[in-house]
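Descriptive structure summary
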Amino acid sequence: MPLGLGRRKKASPLVENEEAEPIRAGLNVPGLDGLDGGRVSLGEGAAHEGLPPPPTSLRPRLIFHTQLAHGSPTGRIEGFSNVRELYAKIGEAFGILPTEVMFCTLNTHKVDMDKLLGGQIGLEDFIFAHVKGQRKEVEVFKGEDALGLTITDNGAGYAFIKRIREGSIIHQIQVINVGDMIESINGQILIGCRHYEVAKMLKELPKGKTFVLKMVEPMKAFDMISQRSGSRSGSAQLGTGRGTLRLRSKGPATVEELPSAFEEKAIEKVDDLLESYMGIRDSELAATMVELGKDKKNPDEFAEALDENLGDFAFPDEFVFDVWGAIGDAKVGRV
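Residues numbered from 1 in each chain as written. Predicted model: local features only at pLDDT ≥ 70, side-chain atom pairs only at ≥ 80, totals over all residues. Heavy atoms only, no water.

A few points about the overall build of the protein chain
Note the following rule: Secondary structure elements follow DSSP: runs of H or I no shorter than four residues count as helices, runs of E no shorter than two count as strands, and numbering proceeds from the N terminus. For every residue, the accessible area (1.4 Å probe, protein chains only) is compared with the maximum for its type, and the residue is labelled buried under 20%, exposed over 50%, or partly exposed between those bounds. Whether two residues touch is decided by their heavy atoms; if any such pair falls within 4.5 Å, the residues are in contact. In short, Shrake-Rupley with a 1.4 Å probe defines the accessible areas, and a residue's cover is counted only from the protein chains shown.
Along its length, the protein chain carries six helices and 14 strands. Taking all 335 residues of the protein chain together, 50% fall into the buried category. A fraction of 68% describes how many contacts in the protein chain between residues 6 or more apart in sequence connect residues 24 or more apart. Put simply, the protein chain shows about 16000 Å² of open surface, and 50% of that area lies on carbon and sulfur atoms.

Have a look at this one:
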């Protein structure tokens, strides 16, 4: 069956070995006072340049507790509508520059990539901000095509290491750890680059040559043990409410029920396909694809929806067809 006739192809930003996993950063939503439980979604699209933030009077009045991950008093923050504004609020609370914040984790001060603040914040979640610590410069000999890294970014200009594959080139270099921000490669500054751009640069470095990484590690508390690889377990549910609060970049927020059995099964299947085709696992991206596909009548409509909403990924037709099939299988209860 032909797919997406006339679909405009782009070079895929996702590379096979040096993987990239996105963090969604935008949150543009009106009117959320008085909501209990559930979770806040930092929805897709609002982080794009050119989209103004909503008026202050329309921003969600949700108060969160926060600490610096290496240790600090507890602060209270509110009134942010995207990741950059969140970092600014954290900076105000602790008297630091917003650019000192590398990333945040939820409900743990440790560098735990399963608890990384991404597209959603539970209304009762505690935010731990990981700030810049020691800088380091490492020479790496690229003896194999793949370095064994998974790269993500914080939605505010910093790309960092999310996972290190056991036994890989990077795994053998003890000073490189999960959570390290990649500041430059061979002198080329990467501040402001997206995760897939950094991953592509690492992939394209010539085999058999030495290159130089300049990195910044997150400041650690005394009880932190540096992680050598990220966990690959499924993403944990955030928040304790019975519903899900989805904040969208377009239109009002909606309070929804937790995912149905069909949606959970479909998301798992699509996440498996993302790993198989793209070398990434991203349950939020999988959930977005399921939402885009569950009401479509045929794979061509689904392909058009993906191009319109997720065009930067340039999914190949065979992948789109398999995702369409996985969503259909989940609908009828096939394993």
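Focus on unusual backbone geometry
If you check the backbone angles, Asn107 has positive phi at about 65 degrees while not being a glycine. Here Asn107 lies in the loop between strand S5 (101-106) and strand S6 (120-122). Residues other than glycine seldom take positive phi values, yet Asn186 does so here, at roughly 50 degrees.

Some thoughts on the pattern of salt bridges
Here is the rule: Any Lys or Arg side-chain nitrogen located within 4 Å of an Asp or Glu carboxyl oxygen qualifies as a salt bridge.
With the rule as written, the count across this model stands at seven salt bridges. Put simply, Lys294 and Glu263 hold a salt bridge, and the shortest N to O gap is 2.9 Å. Of the two residues, Lys294 sits in the loop between helix H4 (283-293) and helix H5 (299-310) while Glu263 sits in helix H3 (residues 261-278), which places them 31 residues apart along the sequence. If you follow the salt bridges from partner to partner, you end up with Lys136, Asp180 and Glu217 in one network.

Details of the pairing of strand S12 (residues 210-218)
Put simply, the rule reads: By the convention used here, strands pair only if DSSP detects at least 2 bridges between them.
One ladder, built from eight bridges, connects strand S7 (residues 126-141) with S12; its direction is antiparallel. Bridge assignment links Phe141 to a residue of S12, and that residue is Thr210. With four bridges connecting them, strand S10 (residues 181-185) and S12 associate as antiparallel partners. Residue pairing for S12: Ser184 is matched across the bridge by Lys214.

Some details on the packing of H5 against helix H6 (residues 317-332)
Our working rule: Geometry is summarised by axes, namely lines fitted to C-alpha atoms with helices restricted to the contacting stretch, and by angles between N-to-C directions that run from 0 to 180 degrees. Geometric relationships in this document are graded by angle, where less than 35 degrees denotes roughly parallel, more than 145 denotes roughly antiparallel, 65 to 115 denotes roughly perpendicular, and other angles denote oblique. For any helix crossing, the convention is left-handed if the near helix is rotated counterclockwise from the far helix by under a right angle, and right-handed if that rotation is clockwise. Amino acids outside the nonpolar list (Ala, Val, Leu, Ile, Met, Phe, Trp, Tyr, Cys, Pro) and the charged list (Asp, Glu, Lys, Arg) are all regarded as polar, and Gly is one of them.
For the pair H5 and H6, interaxial distance at closest approach is 10 Å and the crossing angle is 115 degrees. Relative to H6, H5 is oriented roughly perpendicular. Our pair here, H5 against H6, has a crossing hand that is right-handed. Between H5, through Pro299, Phe302, Ala303 and Leu306, and H6, the contact on the second element is made entirely by Val320, Val323, Trp324 and Ile327. Its residues assigned to classes, the contact of H5 with H6 shows eight nonpolar, no polar and no charged.

A word on the environment of Val138
Structurally, Val138 is set in strand S7. Through-space distance from the C-alpha of Val138 to that of Ile173 is 8.9 Å; in sequence the pair is 35 residues apart. In this structure Val138 touches Ile173, Val175, Ile176, Phe211, Val212, Leu213 and Met215, once residues within four positions along its chain are discounted.

Observations concerning H6
What counts, and what does not: Here a helix's expected span is defined as the number of its residues, less one, multiplied by 1.5 Å.
Given a rise of 1.5 Å per residue, 16 residues ought to cover 22 Å, and the 23 Å separating the end C-alpha atoms of H6 matches this to within 8%. Residue Gly333 follows H6 closely and has a positive phi angle near 80 degrees.

Focus: the environment of Arg135
With respect to the secondary-structure elements, Arg135 resides in strand S7. Looking at Arg135, the relative accessible area reads 47%, which means it is partly exposed. Spatially, the C-alpha atom of Arg135 lies 9.2 Å from that of Pro218, the residues being 83 residues apart in sequence. Dropping the residues within four chain positions of it, Arg135 is found in contact with Glu183, Met215 and Val216.

As for H5
The line we're drawing: Comment: arc refers to directions from the helix axis out to C-beta atoms. Any pair of N or O atoms that falls within 3.5 Å is considered a polar contact. Within protein, one atom must be able to donate a hydrogen and the other to accept it, and sequence-neighbouring residues count only if both atoms are side-chain atoms.
Its 12 residues give H5 an end-to-end C-alpha distance of 15 Å, which sits within 8% of 16 Å, the value for a rise of 1.5 Å per residue. Along H5, the residues that are buried comprise Pro299, Phe302, Ala303, Ala305, Leu306 and Leu310. Seen from one end, H5 has its buried residues packed into an arc of 160 degrees, which puts them on one side. Where H5 starts, the residue carrying a side-chain oxygen 3.1 Å from the main-chain nitrogen of Asp300 turns out to be Asn298.

Topic: the environment of Ala266
Secondary-structure assignment places Ala266 in helix H3. The exposure class of Ala266 is buried, given its relative accessible area of 0%. The spatial distance from the C-alpha of Ala266 to the C-alpha of Asp329 is 7.9 Å, given a sequence separation of 63 residues.

Side note on the side chain of Lys142
With respect to the helices, strands and loops of the structure, Lys142 is situated in the loop between S7 and strand S8 (149-153). At 3.0 Å, the side chain of Lys142 and the backbone oxygen of Leu202 are in polar contact. From its side chain, Lys142 meets the backbone oxygen of Lys203 in a polar contact 3.0 Å long.

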